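Take a look at the letters that make up each chain.
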Amino acid sequence: MLEVNQLRQDTDKAIKGLEKRGLSAAQQLVKDVIALDDERKQIQANLDEHLSELNQLAKEIGQLFKSGEKEKAELAKTEVSQLKTKTSVLEDQIRSVKIELENKLLDLPNVPQSIVPSGTTEDDNEVYRDWTDPLPTLDDNALPHWELAERYKIFDLKTGAKISGSGFPLFVGYGAKLQRALVNFFLDKASEGGYLEMQPPLLVNEDSARGTGQLPDKDGQMYFVERDNLYLIPTAEVPLTNVYRDVILKTDDLPVKICGYTPCFRREAGSYGAHVKGLNRVHQFDKVEIVRIERPENSDEALMDMLNHVSGLLEALELPYRILRLCGGDLGFTAAITYDFEVYSAAQKRWLEVSSVSNFETYQTNRLKLRFKDEDGKNKLAHSLNGSALALARIVASILENHQTGDGIKIPKQLIPYTGFEWIK
RNA sequence: GGUGAGAUGGGUGAGUGGCUUAAACCAUCAGUUUGCUAAACUGACGUACGGGUAACCGUACCGCGGGUUCGAAUCCCGCUCUCACCGCCA
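Note that the coordinates shown come from a computational prediction; the quantities given were computed from them, not determined experimentally.

A closer look at the domain arrangement of chain A
One widely used convention gives an interface's size as the accessible area the parts lose upon coming together.
Okay, step 1: Partitioning chain A into structural domains gives domain 1 (4–107) and domain 2 (122–424).
Okay, step 2: Its C-alpha centre places domain 1 at a distance of 43 Å from the equivalent point of domain 2.
Okay, step 3: Contact residues are listed per partner, giving 6 residues for domain 1 and 10 residues for domain 2.
Okay, step 4: Here domain 1 and domain 2 share an interface that buries about 610 Å² over both sides, 46% of which is from carbon and sulfur atoms.
Okay, step 5: At the boundary of domain 1 with domain 2, the tally comes to 1 salt bridge.
Okay, step 6: The residue E102 makes a salt bridge to R367 at a minimum N-O spacing of 3.1 Å.
Okay, step 7: Taken together, domain 1 and domain 2 are joined by 5 residue pairs in polar contact (both at pLDDT 80 or more).

Given below as structure tokens:
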């Protein structure tokens with residue numbers, strides 16, 4: 001959720017930024033928010049004045065009763081009841097204005113940073129760091145990962161569909177072991193990078209889903225357990241970031257660096273076609289997520305550090321990748337800037353997104369009330385960031401496709417200590 | 001699932017209708033004292049919103065939401081969570 005004060009201060013910047021997302025009504029929306037906030041302030045001042053009078057009267061009545069001046073007290077009581085009807089009207093007004101204001105704010109996405117390119121579709125994304133070596137080519141009988149999976153018995157979509165439905169792969173044998181190895185490898189790398197490992201709950205309540213901004217924006221994308229009012233997490237970002245909901249950190253607590261492995265559940269309603277084949281898009285996948293809470297002035301640098309971390313993982317896995325800086329139109333609702341990592345699959349002849357690293361600035365922390373005490377003892381909103389490091393299903397697909405040979409699939413050197421085998425044959 | 005107890009500031013914990021502006025202690029910070037450390041003493045010490053250049057002032061907040069009352073941390077109702085015991089269970 002954007003900060004109203006920020007919108008007041010940098011109105012033009014906010015409007016321009018929001019327009020970069022293709023939000024043509026940005027100017028009107030921002031104006032509406034500020035007008036509503038003005039209204040709220042005015043009612044608040046009025047209400048406080050009345051309440052102050054009421055408090056004063058209550059004290060006086062207490063005194064009058066004590067000194068036995070009952071008639072005067074009764075007189076004051078009628079005054080109180082008149083005041084009370086006024087305050088209750090004002091209370092109703094301020095309540096509805098606050099709700100309206102909040103709803104308007106929740107409908108506004110984050111303001112993109114100035115370096116975010118404008119554009120509406122993924123074609124407008126900017127290649128931030130390209131793959132400079134020649135792209136790998138495979139011989140003619142190279143297979144896409146879903147066919148490799150069949151040949152080497154790595155995962156089984158049909159049986160997964162029998163158990164649950166389409167998009168729920170069953171990993172088997174080498175496939176299951178490969179996933180377990182990758183999780184451990186990614187977690188170890190994150191620990192080396194200074195991220196504290198956590199195992200969070202996989203179901204979260206509404207406050208948490210709202211805190212990181214999945215609600216109301218992505219309501220339809222999450223599985224919901226109606227009976228208990230809980231959402232299955234679409235990413236570990238939700239529970240991990242919500243660890244710090246309603247927290248005021250001390251200066252020395254920053255930066256916070258945490259990581260966690262979780263399965264992720266996404267309904268992916270409306271997806272179809274070749275792009276969802278195999279592991280390209282599934283309802284359940286495993287992911288190691290890294291999360292950081294930073295002082296505002298350090299968050300840009302932290303983001304770069306996260307990019308380096310993810311780059312290191314992809315290099316260790318010997319996968320050809322590039323980094324995109326997402327354009328305004330492709331940017332997630334809550335992000336101020338996002339870099340996507342894509343691995344090239346020679347077998348599918350396309351780039352596959354395997355990681356997304358974002359800075360949310362104060363958009364999430366405002367909703368979470370995640371603050372820190374600065375040197376002056378003032379509470380300020382921290383910046384939150386997160387990134388996949390990495391998303392498993394697609395990495396498995398990339399490894400299978402890129403490291404296939406006529407003799408089987410070669411496991412990247414750094415992963416062998418984790419898998420315990422060098423080849424999938 | 002059943003029964004019972006509880007939820008007060010960073011922590012412990014007092015507070016059964018106005019004397020609470022939430023006691024006291026601990027922790028923290030600043031100062032005094034001190035050869036250094038420690039101790040002692042003094043003071044400061046919640047969050048949000050509104051007004052004000054500021055000092056400061058006003059309002060709300062004692063798990064959450066309602067209610068009673070001139071007045072609620074305190075009384076009443078509902079909910080959530082925590083703890084204990086019982087049942088079931090990996």
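Resuming the write-up.
Focus: the protein's contact with RNA strand B
Okay, step 1: In the region of RNA strand B, 19 residues are neighbours, and R40, A58, K84, R371 and K373 sit closest.
Okay, step 2: At the protein interface, 78% of the atoms of RNA strand B within 4 Å belong to sugar or phosphate.
Okay, step 3: Take K373: an N or O atom from its side chain is 2.7 Å from a phosphate oxygen of RNA strand B.
Okay, step 4: The set of elements that each furnish at least two residues to the surface near RNA strand B consists of α3 (26–66), α4 (70–107) and β14 (371–373).
Okay, step 5: Here the surface near RNA strand B gets 12 residues from one element, more than from any other, and that element is α3.
Okay, step 6: Classifying every residue of the surface near RNA strand B by side-chain character gives 6 nonpolar, 5 polar and 8 charged.

Some words on the nonpolar core
Okay, step 1: Counting 61 residues, the largest nonpolar core has L182, F186, L314, L317, F341 and I395 as its most contacted members.
Okay, step 2: With sequence-adjacent residues up to four places away left out, L182 is seen in contact with L317, L392, I395, V396, I399 and L415.
Okay, step 3: Ranked by size, the runner-up nonpolar core spans 23 residues in total, among them L2, I15, L90 and L106.

Some remarks on α4
Okay, step 1: Over its 38 residues, α4 extends 55 Å from the first C-alpha to the last, a length consistent with the 56 Å expected when each residue adds 1.5 Å.
Okay, step 2: The complete set of buried residues in α4 reads A73, A76, V80, L83, T87, L90, I94, V97, L101, L105 and L106.
Okay, step 3: Each element contacted by the buried residues of α4 is listed here: α1 (4–9), α3, α8 (206–211) and α11 (363–368).

Here we look at the state of the cysteines
Okay, step 1: Enumeration over the complete set of coordinates arrives at 0 disulfides.
Okay, step 2: Here C264 is not disulfide-linked; the sulfur of C259 is the nearest cysteine sulfur, at 14 Å.
Okay, step 3: For C264, a relative accessible area of 0% translates into the label buried.

Conventions and cut-offs
Residues numbered from 1 in each chain as written. Chains lettered and ligands numbered in written order. Predicted model: local features only at pLDDT ≥ 70, side-chain atom pairs only at ≥ 80, totals over all residues. Heavy atoms only, no water. Domains from an automatic or database assignment. Contact = heavy atoms within 4.5 Å. Buried area = accessible area lost by both parts, 1.4 Å probe. Salt bridge = Lys/Arg side-chain N within 4 Å of Asp/Glu carboxyl O. Polar contact = N/O pair within 3.5 Å; in protein donor to acceptor, adjacent residues only side chain to side chain. Near = heavy atom within 4 Å. Helix = DSSP H or I, 4+ residues; strand = E, 2+ residues; numbered from the N terminus. Nonpolar A, V, L, I, M, F, W, Y, C, P; charged D, E, K, R; others polar. Core = buried A, V, L, I, M, F, W, Y, C linked by side-chain atoms within 4.5 Å. Buried < 20%, exposed > 50% of the residue type's maximum accessible area, 1.4 Å probe, protein only. Expected span 1.5 Å × (residues − 1). Disulfide = S-S within 2.5 Å.

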